[in-house]
Structure formats: structure tokens, C-alpha cells
Amino acid sequence: AQSVTQLDSQVPVFEEAPVELRCNYSSSVSVYLFWYVQYPNQGLQLLLKYLSGSTLVKGINGFEAEFNKSQTSFHLRKPSVHISDTAEYFCAVSDRVRKLIFGTGTRLQVFP
Amino acid sequence: NAGVTQTPKFRILKIGQSMTLQCAQDMNHNYMYWYRQDPGMGLKLIYYSVGAGITDKGEVPNGYNVSRSTTEDFPLRLELAAPSQTSVYFCASSYSPPETQYFGPGTRLLVL
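Not measured: the values here are computed from a predicted model.

Each value, and the rule that gives it
Residues numbered from 1 in each chain as written. Chains lettered and ligands numbered in written order. Predicted model: local features only at pLDDT ≥ 70, side-chain atom pairs only at ≥ 80, totals over all residues. Heavy atoms only, no water. Contact = heavy atoms within 4.5 Å. Buried area = accessible area lost by both parts, 1.4 Å probe. Salt bridge = Lys/Arg side-chain N within 4 Å of Asp/Glu carboxyl O. Polar contact = N/O pair within 3.5 Å; in protein donor to acceptor, adjacent residues only side chain to side chain. Helix = DSSP H or I, 4+ residues; strand = E, 2+ residues; numbered from the N terminus. Core = buried A, V, L, I, M, F, W, Y, C linked by side-chain atoms within 4.5 Å. Buried < 20%, exposed > 50% of the residue type's maximum accessible area, 1.4 Å probe, protein only. Pairing = 2+ DSSP bridges. Phe/Tyr/Trp six-rings, centres within 6.5 Å; stacked < 30°, edge-to-face > 60°. Lys NZ or Arg CZ within 6 Å of the ring centre and 35° of its normal.

A. Quick look at the interface of chain A and chain B. Contact residues are listed per partner, giving 20 residues for chain A and 23 residues for chain B. Carbon and sulfur atoms make up 57% of the area that chain A and chain B hide from each other, which totals about 1700 Å². At the junction of chain A with chain B, the criterion picks out 0 salt bridges. At the boundary of chain A with chain B, the tally comes to 4 residue pairs in polar contact (both at pLDDT 80 or more). Elements represented by at least two residues in the side of chain A that touches chain B include exactly strand E5 (32-38), strand E6 (44-50), strand E10 (87-94) and strand E11 (100-102) of chain A. For the side of chain A that touches chain B, the element with the highest residue contribution is E5(A), accounting for 4 residues.

B. Looking closely at the nonpolar core. Core analysis: the biggest nonpolar cluster contains 29 residues, and Leu33(A), Trp35(A), Leu47(A), Leu48(A), Phe74(A), Leu76(A) and Tyr89(A) have the highest contact counts within it. Those elements that provide at least two residues to this core are strand E2 (10-14), strand E3 (19-21), E5, E6, strand E8 (64-68), strand E9 (73-78), E10 and strand E12 (106-111) of chain A. Looking at which element gives the most residues to this core, the answer is E10(A), with 4 residues. Counting 19 residues, the second largest nonpolar core, distinct from the first, contains Met19(B), Leu21(B), Tyr47(B) and Tyr64(B).

C. Representation of the pairing of E8(A). Residues and elements named next belong to chain A. With burial as the criterion, only one face of E8 is covered, namely that bearing Ala65 and Phe67; the residues Glu64, Glu66 and Asn68 on the opposite face remain uncovered. The sheet contact formed by E8 and E9 spans 5 bridges and is antiparallel. Paired with Asn68 across the strands is Ser73, a residue of E9. Hairpin geometry of E8 and E9 is characterised by an intervening segment of 4 residues between the two adjacent antiparallel strands and by a positive phi of about 45° at Thr72.

D. The packing of aromatic side chains, seen in detail. Inspection of the entire model under this criterion finds 12 aromatic pairs over all chains. When the ring of Tyr36(A) is compared with that of Phe103(B), the centres are 5.5 Å apart and the planes differ by 75°; the resulting orientation is edge-to-face. Of this pair, Tyr36(A) sits in strand E5 while Phe103(B) sits in strand E10 (residues 102-103), which puts the two residues in different chains. Phe103(B) matches Tyr36(A) in its accessibility class, with the two residues each being buried. Each residue in the set Phe34(A), Tyr36(A), Phe90(A), Phe102(A), Tyr33(B), Tyr35(B) and Phe103(B) is aromatic and connected to the rest through ring pairs, giving one cluster. The ring of Phe74(B) carries the charged tip of Arg68(B) above its face, separated from the ring centre by 6.0 Å.

As C-alpha cells, this is what we get:
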């Protein structure tokens, strides 16, 4: 069965500092990987996704993630965060059978 | 183009009451999903549909029912509300997995 582990429930960081949000997955089949962001009192929106091809994926708002098959990881990074990046971030995995399995989320808190 | 819309935004129910959460999308997506989000638990799939007239259970279907009579609408029914159903409910849609799922703004439900 597929599963997703987000290793940090909360990540505090100062504005303009770099950040990495960690995500590990388990699956015995080919996977598709996603990062979604949820701003306070809103629904989720897609940040980026890996379906195939280049293992370095660039998304919206300056975020990027790298698919590492040997380490079964899909960590999310941003070189310089802004106050507006404060939100909850969810990693998710899907196979071709259509279901998304979400991690428990990482709350990114950016301080001035 | 409104995307995915959900009504109501908030609702308080008494134990044993019933209600229907409405979800509609105007993107002509075949796939629609219902999730619930509980603090620290991420999102759990309740039910999903691959097209009009076709629905299937997700991870946590007990206490819920769905129907899909049109491509646009995917209502979620709670027959006998229980405190354990206090949660935030999100509807989502996608054209075809593993493509992006688009989420509605959510319905906050409190069962007392």
C-alpha cells in the first residue's frame, strides 16, 4: 500500500531564509508525486507535481522539489521565503488508479 | 469559470440530524472526490466518482453516501450525524488521474 510521511509537523523560519520541507513515500509501483499548499481558511492548490521526466520540478511561487527514487523522497525547497508563504503544505502520492494519498501536512511559519 | 464550488460554508448539526453537502464543478471533469480534513491527520478520501452514475468508496466511507447523476454535481450525504463527523470537508475534481485535482473552498461542519 502507498503511504506518505511528512517528517516535520511544523517548520519555523525567518523571512528571506531558505527552507526545505521533507516528504518520503512508500510504493511498490510507479508513482506520481504532488505538493499542495493550503492558505488559512482556504482549499488546497497545486504547487508542483512530478509525473515523469526531469527529477527536478519547478512550481509556482519559487518552489521546487526533487524526486529521488533511491531515497523515496520528494522534498520541497525554496531558497528565500516570504511572509506570504506561511501556510500548510501537503505532500501526496498517486498511482494510475486515481487516488491521492496525502501526508499529514507541514505547517510553515515565516517570521519577519 | 467558477471552478469547484461548495455549499454551505459552515454548518452546525445536532447528533442524529442529516444534511447534504453540495459540490459542483464547471470544468467538465470526469473525476470528483470528497475528502475530510482533521487536525494533524491530513486529508482522507471519503468517496470518489469516475463519471456520472459511477461512485466508489475511499478510505473512510462509513456514515456517508454519495450520488453522481450529472457530470457537474457530486453531493455528499450525512444520514445520522455523529460528533466524529465534525471536520472540514473538501470536494475536488480532475480531468483524469494523475492530473491535478482542483479543490473547493471547503465546508466546516460541527456536530454537537
